[in-house]
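Notes for the structure review
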Amino acid sequence: MDETIEGSFQIIGGNFANAGEASMQLKSKLVELGIDEAIIRRAAIATFEAEMNVIIYAAAGRLQYYITPHEVTIKIDDMGPGIENIELAMQEGYSTAPDWVREMGWGAGMGLPNMKKNSDEFKIDSVVGEGTTVKMIIHFS
Ligand SMILES: Nc1ncnc2c1ncn2[C@@H]1O[C@H](COP(=O)(O)OP(=O)(O)O)[C@@H](O)[C@H]1O
Ligand SMILES: [Mg+2]
């Protein structure tokens, strides 16, 4: 039997009031399915950082997840400015977050590195002026 559980959430740019909503929904689903706590923690961190980036940098985006008995796949795509230099953006501490975002406690430049660190497979694609797509897979064992 090959059963995939999937879900999708809209993320609205600038909507700090609902920040974390999409990642919370995925986390609840993983808890409900009885997935290992350490795995859930990694998925929650990675998803939350990706969701925050859509809220901070993009106009709108979407989180999609696919859970199989073996792994969870998380895709976040957005309509936004895109990333000109992905290699630079991936560096720890690199951030273009404006001051008002930093004042809210965001913009440490650790989001993308932590997404990669917490994923078993990590892929980021971006087109300047169009948007960014992040795909992360976390294996259950
Ligand atoms: N979805 C996105 N759209 C546009 N730019 C992004 C996106 N995600 C990340 N970036 C760029 O990559 C940089 C590094 O991202 P990240 O590691 O999450 O750190 P932070 O969000 O704290 O700046 C951001 O400052 C921004 O310039
Ligand atoms: Mg970030």
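Described below are features of the structure shown in this document. (Residues numbered from 1 in each chain as written. Chains lettered and ligands numbered in written order. Predicted model: local features only at pLDDT ≥ 70, side-chain atom pairs only at ≥ 80, totals over all residues. Heavy atoms only, no water.)

With respect to the site of ligand 1
As a matter of local geometry, ligand 1 sits amid 19 residues, with Tyr57, Asp78, Ser95, Thr96 and Gly109 nearest to it. A distance of 2.5 Å is found between an oxygen atom of ligand 1 and a side-chain nitrogen or oxygen belonging to Ser95. Between Leu112 and ligand 1, the recorded distance is 2.8 Å, taken from a backbone N or O atom to an oxygen atom. When isolated, ligand 1 has an accessible area of 530 Å², and the protein chains bury 94% of it. For the shell around ligand 1, the secondary-structure elements that each account for two or more residues are α2 (37-57) and α5 (111-118). For the shell around ligand 1, the element with the highest residue contribution is α5, accounting for 3 residues. (Near = heavy atom within 4 Å. Polar contact = N/O pair within 3.5 Å; in protein donor to acceptor, adjacent residues only side chain to side chain. Areas by Shrake-Rupley, 256 points an atom, 1.4 Å probe, with all protein chains shown as cover. Helix = DSSP H or I, 4+ residues; strand = E, 2+ residues; numbered from the N terminus.)

A few points about α2
Helix length check: α2, at 21 residues, gives a terminal C-alpha distance of 30 Å against a target of 30 Å (1.5 Å per residue), a fit within 8%. Taking the backbone nitrogen of Ala38 as reference, a side-chain oxygen 3.2 Å away marks Asp36 as the first, capping residue of α2. (Expected span 1.5 Å × (residues − 1).)

Considering the packing of α2 against α5
For any two helices packed against each other, one specifies the crossing angle of their axes together with the interaxial distance. Close contact between α2 and α5 brings their axes to 9 Å; oriented N to C, the two are set at 150 degrees. Judged on the interaxial angle alone, α5 and α2 are roughly antiparallel. Crossing of α2 over α5 shows left-handed handedness. Along the contact surface, α2 presents Arg42, Ile45, Ala46, Glu49, Ala50 and Asn53, while α5 presents Gly111, Leu112, Met115 and Asn118. Counted by class, the contact of α2 with α5 contains 5 nonpolar, 3 polar and 2 charged residues. (Axes fitted to C-alpha atoms, helices over the stretch in contact; angles between N-to-C directions. Parallel < 35°, antiparallel > 145°, perpendicular 65-115°, else oblique. Left-handed = near helix turned anticlockwise from the far one by under 90°. Contact = heavy atoms within 4.5 Å. Nonpolar A, V, L, I, M, F, W, Y, C, P; charged D, E, K, R; others polar.)

With respect to the packing of helix α1 (residues 21-32) against α2
Remark: α1 packs on α2, axes separated minimally by 8 Å, with the N-to-C direction vectors making an angle of 165 degrees. It follows from the interaxial angle that α1 and α2 lie roughly antiparallel. As for how α1 packs across α2, the hand of that crossing is right-handed. In this structure, α1 uses Glu21, Ala22, Ser23, Leu26, Lys27, Leu30 and Val31 to contact α2, whose residues at the interface are Ile40, Ala43, Ala44, Thr47, Phe48 and Glu51. Among the residues forming the contact of α1 with α2, the class breakdown is 8 nonpolar, 2 polar and 3 charged.

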